[in-house]
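Read off the chains here:
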Amino acid sequence: MPKRRDEMVPDAGFRSYYGQPVIKAPVWHEPHMPVYLYLGGMSGAASMIAAMARVTGHDRLALAARMAAAAGAGVGSVFLITELGRPERFLNMLRLFKPSSPMSVGSWTLAAHGGLTAIGAASAVTGVLPAIGDAATAASAVTGPVMAAYTAVLLADTAVPAWHEAMRELPFLFTGSALASAGAALMLTTPRTAAGPARAVAVAGAAAETAAGMLMARRLGLAGEPYRLGRAGRLMRASRMLTLGGGLLATMAGRSRALTALSGLAITAGALCTRFGVLEAGRASAADPKYTVVPQRRRVAAGDLASVPGRCRPATKP
Amino acid sequence: MAERMGFFTDTSICIGCKACEVACKEWNDVPDDGFVFRATSYDNTGALGADTWRHVAFIEQDGRWLMSSDVCKHCTHAACLDVCPTGALFRTEFDTVVVQSDVCNGCGYCVPACPYGVIDRRERDGRAWKCTLCYDRLRGGLEPACAKACPTDSIRFGPLDELRARAAERVERLHADGVTEARLYGESPDNGVGGTGAFFLLLDEPETYGLPPDPVVTTRDLPAMWRWAGGAALALAAGVAACFLRRT
């Protein structure tokens, strides 16, 4: 393998089969997968905002949040279905509920969340059955945070080192990004005087996303290298700057429309860069056998071999 | 329940004829995987994938030429099966792992989940494919096509317990003959995937053959992942609540 000058961890001198990958890279496409990650997260956080806004009497903000939550879940579902190799079979996702599969858990969560947010938005727009609409929005405050967080488990529950090793930070990176995304979307779609809580959410989300990203980079070591190199590195750096810049602007965005637009767009672009960057880092992490082989070789050398304690042999299907 | 069946691939007697690759393709009607000269070795299939269910690796070293026919490991704890959301992947009565192509909707989740890089999505078809350990032949009382076609019996098929005993004897014999580098790969039920249904006798480190030296089923850590995600979800809810309560 060619050595890289900016390699952070010393070359452990590993061997490979002609430099070929050991694991398969994720087959998920751009823009489908990362855009779904963005929309699903935005929708999840927006539904939480909608519920809180309704309870605290921010009715204008609640309306916008209900619309954003429903739109994010609806459009996100379309991206997710077109991502499938056999889109016409998307209903097979609901063939069974399988706790060992984060995608199964996610599909059911999305189905519930999509339904609830659609009811909430339809009721808010038409004025029909307001009690049902309120109840649906309140319930979506439960599905929403799950929507924003499950996608981190979806990625971490793979053999891709940059994702699997990031199982602690990815959920906070994604929920932080979801908060920032929803805050930004609502800043852009709500009159400034009514958007105060949205700006606060955007600032908090941008701060959380930035902190989680920095912690992840610091803790991961070799497994985190793909987040710093190549296209993934450029996307993650762009995300950091856009999110930080947009978050800082959001603290003063209440003063003008221009500041609001600038801040909201920067945060949105930053959140998108995060999602595209994480997918790209996963691909790079799978493509170079170093990331798979070196940590495993270290375990072998240390005599600390992997095992699966406490798990019995699975039952055979009759 | 039938006995657990598997493969023992003894690479010390593989001659690299690729009869296994051809027999597999013909029996299972696997489409071609491209006609590419890779210019690295005698290997012209490169890696396991949707259209390559047996892959013969060639490694030229000083004084010897390693050949090994790779295949799906049919893990005891199979990540592909664990993460499959539709139930298309299932465990058969032979304790093998098989994709039901009429159920698979091509979500692609099994692909990055496999710690060996075996299963893949066939893009022109949209579904995931891999070795079935010739499920149809097994049900008919036949051995898998690759094992049947192997002229040196490098690929042995049978009840896993028998294969393990046989493999232990073979390693002992090779060690006695001075082939001290011979070692088994994947056979231990204590490893990170609970032992593989298809295991190997190798003459070098696994990574030389493109195999991971200490693979782990990713779902082993799933409870921890959900705990961290649960914490993040609660933090999100608390964060939103704080933003409103501060201002009202």
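Conventions used here
- Residues numbered from 1 in each chain as written.
- Chains lettered and ligands numbered in written order.
- Predicted model: local features only at pLDDT ≥ 70, side-chain atom pairs only at ≥ 80, totals over all residues.
- Heavy atoms only, no water.
- Buried < 20%, exposed > 50% of the residue type's maximum accessible area, 1.4 Å probe, protein only.
- Helix = DSSP H or I, 4+ residues; strand = E, 2+ residues; numbered from the N terminus.
- Pairing = 2+ DSSP bridges.
- Contact = heavy atoms within 4.5 Å.
- Buried area = accessible area lost by both parts, 1.4 Å probe.
- Salt bridge = Lys/Arg side-chain N within 4 Å of Asp/Glu carboxyl O.
- Polar contact = N/O pair within 3.5 Å; in protein donor to acceptor, adjacent residues only side chain to side chain.
- Nonpolar A, V, L, I, M, F, W, Y, C, P; charged D, E, K, R; others polar.
- Axes fitted to C-alpha atoms, helices over the stretch in contact; angles between N-to-C directions.

Chemist: A description of the pairing of strand β10 (residues 198-202) of chain B should follow, citing residues and the corresponding values.
Modeler: Where a strand is regular, its side chains alternate between the two sheet faces. All names here are of chain B. Judged by how many residues are buried, β10 sits mostly within the fold: five of five residues are covered. Inspection of the sheet shows strand β1 (residues 5-10) paired to β10 by four bridges, in the parallel sense. Within β10, the residue paired with F7 across the bridge is A198. For strand β9 (residues 183-185) and β10, the ladder comprises three bridges, and the chain directions are antiparallel. Looking at the pairing, R183 lines up with L202 of β10.

Chemist: Break down helix α1 (residues 19-28) of chain B for me, citing the residues and quoting the values.
Modeler: Since the α-helix packs 3.6 residues into each turn, any two residues three or four apart lie on the same face. Residue and element names in this part refer to chain B. Those residues of α1 that sit buried are C20, E21, A23, C24 and N28. Those residues of α1 that are buried lie in contact with β2 (54-61), β3 (64-71), α5 (145-149) and β8 (155-159). Looking one or two residues past α1, D29 carries a phi angle of roughly 55°, positive in sign.

Chemist: Before we move on, can you summarise the interface of chain B and chain A with the specific residues and values?
Modeler: Each partner contributes residues to the interface: chain B has 100 residues there, and chain A has 82 residues. In total, about 7100 Å² of surface goes out of reach between chain B and chain A, with carbon and sulfur atoms giving 61% of it. Contact with chain A buries area across many residues of chain B, yet Y109(B), L236(B) and F244(B) alone supply 11% of it, more than any other trio. The partner of D125(B) in a salt bridge is R86(A), and the shortest N-O contact between them spans 3.8 Å. Viewed at the interface, chain A and chain B are joined by 36 residue pairs in polar contact (both at pLDDT 80 or more). At the level of elements, β2, α2 (79-83), β4 (89-91), α3 (110-113), β6 (120-122) and α7 (222-245) of chain B are the ones that each hand at least two residues to the side of chain B that touches chain A. Per-element accounting of the side of chain B that touches chain A gives the leading share, 17 residues, to α7(B). Split by residue class, the side of chain B that touches chain A holds 50 nonpolar, 27 polar and 23 charged.

Chemist: Give me the side chain of T132(B): which residues, what numbers.
Modeler: Residue and element names in this part refer to chain B. By secondary structure assignment, the location of T132 is in the loop between β7 (127-129) and α4 (135-139). On the accessibility criterion, T132 (16% relative accessible area) is buried. One polar contact links the side chain of T132 to the main-chain amide nitrogen of C134, over a distance of 3.0 Å. Once residues within four sequence positions are removed from consideration, T132 is found in contact with N28, W53, H74, T96 and V98.

Chemist: Report on the sheet that holds β9(B), specifying residues and quantitative values.
Modeler: Each strand in a sheet pairs with its neighbour through backbone hydrogen bonds, running either in the same direction (parallel) or in the opposite one (antiparallel). Residues and elements named next belong to chain B. With respect to topology, four strands assemble into an open sheet ordered β8-β1-β10-β9, the strand pairing being mixed. Both edges of this open sheet fall to β8 and β9, since each of them pairs with a single strand only. Neighbour to neighbour, the strand axes of the sheet diverge by 25° on average, direction disregarded.

Chemist: Kindly report on unusual backbone geometry, identifying the contributing residues and their values.
Modeler: A cis amide bond, omega 0°, links E30(A) with the succeeding residue P31(A). One can find P31(A) in the segment before α1 (32-55). Residues other than glycine seldom take positive phi values, yet D95(B) does so here, at roughly 65°. Relative to the assigned elements, D95(B) resides in the loop between β4 and β5 (97-99). Even without a glycine there, the phi angle at L133(B) is positive, about 50°. When you line up the elements, L133(B) lands in the loop between β7 and α4.

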